[in-house]
Amino acid sequence: VPSLSPFPFPFSPSMVATWMDGEKASGLGSNSSKGGLSLDVPMALRVFSVDYYHVQAPFEIVLWIMLASLAKLGFHWSGRLPAVVPESCLLIMVGLLVGGVIYGVRHSAPPTLSADAFFLFLLPPIVLDAGYFLPGKLFFENLGTILWYAVLGTLWNVLGIGVCLYGVCLLASGSLGDVSLLHCLLFSSLIAAVDPVAVLSVFQEIHVNEQLHILVFGESLLNDAVTVVLYKLFESFLRLPVVTGVDVLLGGCRVLGVGLGGLGVGLFFGLVAALTSRFTSRAQVIAPLFVFLYSYLSYLTSEMLHLSGIMAIVTCAVTMKQYVEANLSERSNTSIQYFLKMWSSVSETLIFIFLGVSTIQDVHMWSWAFVCSTLLLCLLWRATGVILLTAVVNKVRRNVVTFRDQFIIAYGGLRGAICFSLVFLIDDFPKKRLFITTTIVVILFTVFVQGMTIKPLVELLEVKRRKRNLPTVSEEIHSRLLDHLLAGIEDVVGYWGQHYWKDKFEQFNQRYLCRFLIREERQARSSIVRVYQELERRDERADEEHITHVDVRCQTRPHLLEEMDSIRRILTRNLHSFNNKQIPAYSRHTLHGTPAAEGRKPLRRHQSLGGKHSPWSQVTPTVHSITHSSIQPYS
Amino acid sequence: MGSTNSTLSKIPNVEELMRETGFSPAHIVRLYDRFESLDKEKTGHLRPEDFGAINRLAMNPIGDRIIGAFFSSGQDTVDFHSFVRILAHFRPAENNRPRDPSLPEPVNSRISKLKFAFQLYDLDKDGKISRAELLQVLRSMMEMQVTEEQLESIADRTIQEADLDRDDAISFEEFRKVPLGDTLTLTQQRVASK
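Positions within a chain are numbered from 1, following the residues in the order the chain's sequence is written. For naming, the first written chain is A and the first written ligand is 1, with later ones following in the order written. Totals for whole chains, interfaces and linings use all residues, but because this is a predicted model, local features are given only for residues with pLDDT of at least 70 and pairs of side-chain atoms are given and counted only at 80 or more. The basis for every side-chain value is the complete set of heavy atoms in the structure, and neither hydrogens nor water enter the calculation.

Visitor: It is not clear to me how the overall build of chain A should be interpreted in this structure. Could you clarify?
Guide: In this text, helices come from DSSP runs of H or I with a minimum length of four residues, and strands from runs of E with a minimum of two, each type numbered from the N-terminal end. Within chain A one finds 24 helices and zero strands. The buried share of chain A, taken over its 635 residues, is 51%. By sequence separation, contacts in chain A at least 24 residues apart represent 81% of the contacts at least 6 residues apart. Note on areas: these come from Shrake-Rupley sampling with a 1.4 Å probe, and a residue is covered only by the protein chains present in the view. Element-wise, carbon and sulfur atoms account for 67% of the exposed surface of chain A, whose accessible area totals about 30600 Å². Relative accessibility thresholds used throughout: buried, under 20% of the residue-type maximum; exposed, over 50%; partly exposed, between the two (1.4 Å probe, protein chains only). Any pair of residues with heavy atoms lying within 4.5 Å of one another is described as a contacting pair.

Pasting the structure below:
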């Protein structure tokens, strides 16, 4: 343990340290530092000395992070590589390299990813980032389907894989005879779970439509509840001498309890965070800190109570987002977003690199039967699970999940670091090494093979991708008009059903929550004030972004490329946000440019300022008189 | 479904209405309930103020145009039959049934929907969207910070892209050619399921 020197800088003349005598040197250091500046007589005064052990811990951490970030940089500069190989693969390979180097130099196993470090420090930023930028409307519209896949799908996978693996162990009882059913179930519970980190990083590269993206991603987030419970359940079963039916039933209740408990904790902290942000107007600089603190606190609290931490943090982020965004200034909001992106990026990179490093182990236990059957079973059970579940859910859904979508959902079920950490946490038993090896193989297989081939397969199957071609200007305008038209017709007809609860919630939100949680001045009050606030906010924003001034000379001139760009920019920024329009999907690497459209209501131009004429009536009275001649003024 | 039948019997000429528009009895009943809830003063007719009372419609950038479309024939009230006829445009099209070419264009086909949208632009009903009308719509749809010059530039570009006969206006034929496939199918499904 390096001693802390009272001197502020590491190189102090009283410390003489050499590379070899680490401990002796630190011992010497502490001795002489206690005496202040007194030097030991036989030692000469060193002008330059190196004291590595003093800074070892933070130094190594920074080096790892530096390595991760440089690898990521290098990856993006490496020409055609990003198109073919997903980032996660490359990072694992870098990790493998580094691990190999360390092994070669030290002749002992390199540091492995400790489960604690992973669950407490590396995972929360990623999940928080995902939750904060979750496309809320899309998520809630598809919530039923997502829950269906997450809960039932995971149960199906776990039970299927576990039982079949036990069968394999019985068949190969020569080498695998001492693996009991419970062990198999425990293993399957951790290997069946789809990992949000891996899914996110790979789906970044392929651009599928938002609905598919949210289905897979939402499932990977929510199945954490089921995974955690099953894992802990089987673990405690293993410790019990006898397992009765009552225990199994209790286990079932625990799934519900863990999920709902996580939800509740997240909600609580989200609301408290929203309330706190209401009072931050006088200390705006630290306002972003509250967002991070409360989210992390919710995660830690639910981990402490053995609830689902991931669900807690996602709920917290989703809950507090709209109120916090309304309460904080633009700059604070931007800082939050940037920090979230940065932390989650670093975390993700570190996770993948450590996955690679930890693969270089001293002892691997290998068993062809076990490993191959696990791989096969994982693929098989996921495929059958998805097909069966989709067959049922398609009867209820509006937008059917097509066969191609199903393929992507099944194939996109990647395993990642969560499985890896969980397998290390198993109580020691003779075949633990086998489990670890198998887990590593499965993770590497899914990330490399499935990750690399998913893009060509998507192209092969022509999954309905997001429109990559920029729409023409007329297309954008006309389709936006149609969107508004159809929304209007829906409003005329009074669209009940799925939106009923949403509307109820919106009313509740407006009437009670917003009043309580959003700062006085920021609440939408009278229309004039609203207009003024909106203008103020735009001025704030206009300082940061410069709207290019498009300069029009004559009508028939062909438009230059820069003008087209600026036109497009104007359109994307300024067309009124349409209620049900699909928001650009969550993107790991960029902040999408739309201002937080969901929280802010569009400028009410028809109701405000008297309501009889729209504000433009002063500008073009002639055209408007046509409109209004046939309609009586209405309020 | 006793209540369905009793409600249906209240509506005159309901058989003909169903045949003309293709709505099912359940749909007609839903629409009738909605009509009655909008018609606050129980006159049997809807006026523009009744439409204006729908909050979300008032917030819609083209809300007043949509309302205007209901009162297209110059009248200032709308009865249930006209209400249903206009809404029939938005019933999802049955794509699987092969269409008999001798029958007139069904009311809810893609063409009719596009024609309806076209009428939202073309307020003076001359069959063309002029530059001024386009500008008008753009103004309603854009937020306030867009300058007049930017709007004009966008309008120019829109006309330029669609205008094939170079008359500086968009006719219905030219409007049809704009690729809008996705929006219509998505929204069909939305309006259908109630």
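Read on for the rest.
Visitor: Would you explain the overall build of chain B in this entry?
Guide: Helix and strand content of chain B: 12 helices and two strands. Element order for chain B, N to C, with α for helix and β for strand: α-α-α-α-α-α-α-α-β-α-α-β-α-α. Scored against the burial criterion, the 194 residues of chain B give a buried share of 49%. Just so you have it, chain B exposes about 9100 Å², and 52% of that area is on carbon and sulfur atoms.

Visitor: Sorry if this is basic, but what is going on with the environment of Leu376 of chain A here?
Guide: Residue and element names in this part refer to chain A. Mapped onto the fold, Leu376 is located in helix H16 (residues 368–393). A relative accessible area of 58% means that Leu376 is categorised as exposed. C-alpha of Leu376 to C-alpha of Val442: the two residues are 66 residues apart in sequence and 9.9 Å apart in space.

Visitor: Please explain the pattern of salt bridges as it appears in this structure.
Guide: Pairs can form between side chains of opposite charge whenever their charged atoms are close. All names here are of chain A. A pair is scored as a salt bridge if a Lys or Arg side-chain nitrogen falls within 4 Å of a carboxyl oxygen belonging to Asp or Glu. For the structure shown, the criterion picks out nine salt bridges over all chains. For Glu219, the salt bridge is made with Arg382, and the minimal N-O distance between the two is 3.2 Å. Of the two residues, Glu219 is situated in helix H11 (residues 210–239) and Arg382 in helix H16; the sequence distance between them amounts to 163 residues. Classification of Glu219 by relative accessible area gives buried; the value is 4%. For Arg382, a relative accessible area of 4% puts it in the buried group.

Visitor: What's the story with unusual backbone geometry in this structure? I'm lost.
Guide: Peptide bonds are trans in most cases, and residues, glycine excluded, mostly fall at negative phi. The phi dihedral of His306 of chain A is positive, around 60 degrees, even though this residue is not glycine. Of note, His306 of chain A is situated in the loop between helix H13 (287–304) and helix H14 (309–327). For His306 of chain A, a relative accessible area of 44% translates into the label partly exposed. With a phi close to 55 degrees, Lys42 of chain B is a non-glycine residue in the positive phi region.

Visitor: When you look at the nonpolar core in this model, what are you seeing that I'm missing?
Guide: What we call a nonpolar core is a set of buried Ala, Val, Leu, Ile, Met, Phe, Trp, Tyr and Cys residues that are connected through their side-chain atoms within 4.5 Å. Membership of the largest hydrophobic core comes to 127 residues, with the highest contact counts inside it found for Phe118, Leu123 and Phe203 of chain A. Beyond its immediate sequence surroundings of up to four residues, Phe118 of chain A is in contact with Leu113, Leu123, Pro124, Ile351, Ala417, Ile418 and Ser421 of chain A.

Visitor: Hey, could you run me through the packing of aromatic side chains in this one?
Guide: The relative placement of two aromatic rings is captured by the distance of their centres and the angle of their planes. When two rings of Phe, Tyr or Trp (its six-membered ring) have centres within 6.5 Å they constitute a pair, described as stacked for plane angles under 30 degrees, edge-to-face for angles over 60, and tilted for the intermediate range. Applying the stated criterion across every chain, the model contains 20 aromatic pairs over all chains. Each residue in the set Tyr32, Phe35, Phe80 and Phe83 of chain B is aromatic and connected to the rest through ring pairs, giving one cluster. The positively charged end of Lys321 of chain A is found above the aromatic ring belonging to Tyr132 of chain A, 5.6 Å away from the centroid. Positioned over the ring face of Phe133 of chain A is Lys341 of chain A, at 4.3 Å from the centre of the ring. Criterion for a charge above a ring: Lys NZ or Arg CZ within 6 Å of the ring centre, and within 35 degrees of the ring normal.

Visitor: Just checking my understanding: could you explain the packing of helix H5 (residues 115–132) of chain A against H13 of chain A for this structure?
Guide: Pairs of packed helices are described in terms of their axes, by the angle between the two and the distance that separates them. Residue and element names in this part refer to chain A. To get an axis, fit a line to the C-alpha atoms, keeping to the stretch in contact for a helix; angles then go from 0 to 180 degrees between the N-to-C directions. Direction vectors running N to C along H5 and H13 enclose 120 degrees, while the axes themselves pass 10 Å from each other. In terms of orientation, H5 and H13 fall into the oblique class. Viewed along their axes, H5 and H13 form a crossing whose handedness is right-handed. Residues Phe119, Leu120, Phe121, Leu123, Pro124, Leu128 and Tyr132 of H5 touch H13, and the partners they reach there are Val291, Phe292, Ser295, Tyr296, Tyr299 and Leu300. Residue polarity is assigned by list, with Asp, Glu, Lys and Arg as charged and Ala, Val, Leu, Ile, Met, Phe, Trp, Tyr, Cys and Pro as nonpolar; anything else, Gly included, falls into the polar class. The residue makeup of the contact of H5 with H13, split by class, is 12 nonpolar, one polar and no charged. An angle below 35 degrees is read as roughly parallel, one above 145 as roughly antiparallel, one from 65 to 115 as roughly perpendicular, and any other as oblique. Crossings are sorted by hand: turned counterclockwise from the far helix by less than a right angle, the near helix makes the crossing left-handed, and turned clockwise it makes it right-handed.

Visitor: So what exactly am I meant to see when it comes to the environment of Ser175 of chain A here?
Guide: Along the chain, Ser175 of chain A falls in helix H8 (residues 173–176). Sequence separation between Ser175 of chain A and Ser367 of chain A is 192 residues, and the spatial gap between their C-alpha atoms is 8.1 Å.

Visitor: Hey, could you run me through the state of the cysteines in this one?
Guide: Residue and element names in this part refer to chain A. The disulfide criterion is simple: two cysteine sulfur atoms within 2.5 Å. The tally for this structure, following the rule as stated, stands at zero disulfides over all chains. Distance from the sulfur of Cys419, which forms no disulfide, to the nearest cysteine sulfur (Cys378) is 8.7 Å. For Cys419, a relative accessible area of 1% corresponds to the buried category.

Visitor: Just to check I follow, could you spell out the environment of Arg382 of chain A for this structure?
Guide: All names here are of chain A. With 221 residues separating them in the primary sequence, Arg382 and Ile161 have C-alpha atoms 9.4 Å apart. Polar contact is the term for a pair of N or O atoms within 3.5 Å; when the atoms are in protein, one must be able to donate a hydrogen and the other to accept it, and sequence-neighboring residues count only if both atoms are side-chain atoms. At 3.2 Å, the side chain of Arg382 forms a polar contact with the side chain of Glu219. In terms of polar contacts, Arg382 uses its side chain to reach the backbone carbonyl oxygen of Ala410, at 3.3 Å.

Visitor: Can you walk me through the confidence of the model for chain A in this structure?
Guide: Should the pLDDT be low somewhere, the predicted coordinates at that spot are not to be read in detail. All names here are of chain A. pLDDT is a per-residue confidence score from the predictor, ranging from 0 to 100. For chain A, per-residue confidence averages 72 on the pLDDT scale, and 71% of positions sit at 70 or higher. By mean pLDDT, helix H24 (residues 621–629) is the weakest element of chain A at 34, and H13 is the strongest at 92. Across residues 544–559 the pLDDT falls below 50, and counting only partners more than four positions away or on other chains, this stretch makes 35 contacts in the model. Segment residues 577–585 is flagged for pLDDT under 50; beyond a separation of four residues in sequence, or across chains, it makes 23 contacts in the model.

Visitor: Whenever I open this one, the confidence of the model for chain B confuses me. Can you help?
Guide: All names here are of chain B. On average, residues of chain B score 74 in pLDDT, and 78% of them are at 70 or above. The model gives residues 95–99 a pLDDT under 50, and that stretch makes three contacts with residues more than four places away or in other chains. Throughout residues 186–194 the model reports pLDDT below 50, and contacts reaching past four residues in sequence, or to other chains, amount to 23 contacts.

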